[in-house]
Amino acid sequence: KTANKLFNQMMEFANYAFNKSHACAYAMVTYQTAYLKYYYKVEFWCALLNSYIENKPKLDNYISSIRMTGIPILSPDINASEMKYTVEGDAIRLGFSGISNVGGAVEDIVSEREKNGKYRDFDDFLRRCSGAINKKRLECMILSGCFDSLGYTRRQLMDAYPECLANAQ
């Protein structure tokens, strides 16, 4: 009788114990996430963006949420961006992987910059990376603002890039 009673109690507990264990695990994850989001805002959002880097609709949604929090989102920069999103002070710097059609050239651009220093100007960039750059990639980089820090307007670069690219190649 005692064994049957104990077994029946265990069976009743088993009906909700599985859910209870999951609820406890999710509560821990929620607590840790909330802690990171509150005390490490910029790092939290940057990591979140990087985890959804392949999902454009989610990225757009998260970027809108980040803007509402007041965290600045910096445009991609040929001398500051990495492959993924990075933390830069109290701001998030967009990575090259967030630019359409740049994909395969990112590693070459970043490794060249790390080996030989920052790009001094647009021509310097083209000379050093001409093998990895094609017309479409360059247009996307110009229009996204990658070269804004070099002192050129996007219109100037769009007008001049075909000749500059041909000279570099």
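Refer to the structure printed above.
Residues numbered from 1 in each chain as written. Predicted model: local features only at pLDDT ≥ 70, side-chain atom pairs only at ≥ 80, totals over all residues. Heavy atoms only, no water.

Asker: For this particular structure, what's the right way to read unusual backbone geometry?
Answerer: When glycine is set aside, most residues are seen to have a negative phi, and most peptide bonds are trans. In this structure, N101 is a non-glycine residue whose phi angle is positive, near 70 degrees. Along the polypeptide, N101 turns up in the loop between β3 (91–93) and α4 (106–116). (Helix = DSSP H or I, 4+ residues; strand = E, 2+ residues; numbered from the N terminus.)

Asker: Would you mind going over the nonpolar core with me for this structure?
Answerer: Most often, soluble globular proteins have nonpolar side chains that are buried together. F96, I109, F125, L138, M141 and F147 are the most contacted members of the largest nonpolar core, which has 27 residues in total. Mapped onto this core, the elements with two or more residues apiece are α4, α5 (122–129), α6 (135–144) and α7 (154–168). Here this core takes 5 residues from α7, the largest share from any one element. If sequence neighbours within four positions are ignored, F147 has contacts with I78, F122, F125, L138, M141, I142, Y152 and L157. One finds F44, I53, I66 and L94 within the second-largest nonpolar core, a separate group that totals 16 residues. (Core = buried A, V, L, I, M, F, W, Y, C linked by side-chain atoms within 4.5 Å. Buried < 20%, exposed > 50% of the residue type's maximum accessible area, 1.4 Å probe, protein only. Contact = heavy atoms within 4.5 Å.)

Asker: Any chance you could explain the pattern of salt bridges here in plain terms?
Answerer: Any two side chains of opposite charge can pair, given that their charged atoms come close. Considering all chains together, one arrives at 8 salt bridges under this definition. Between R93 and E88 there is a salt bridge whose closest N-O contact spans 2.8 Å. On the accessibility criterion, R93 (10% relative accessible area) is buried. Residue E88 is classed as partly exposed on the basis of its relative accessible area of 31%. One salt-bridge network, in which partners are shared between bridges, spans E112, R120, D124, R127 and R128. (Salt bridge = Lys/Arg side-chain N within 4 Å of Asp/Glu carboxyl O.)

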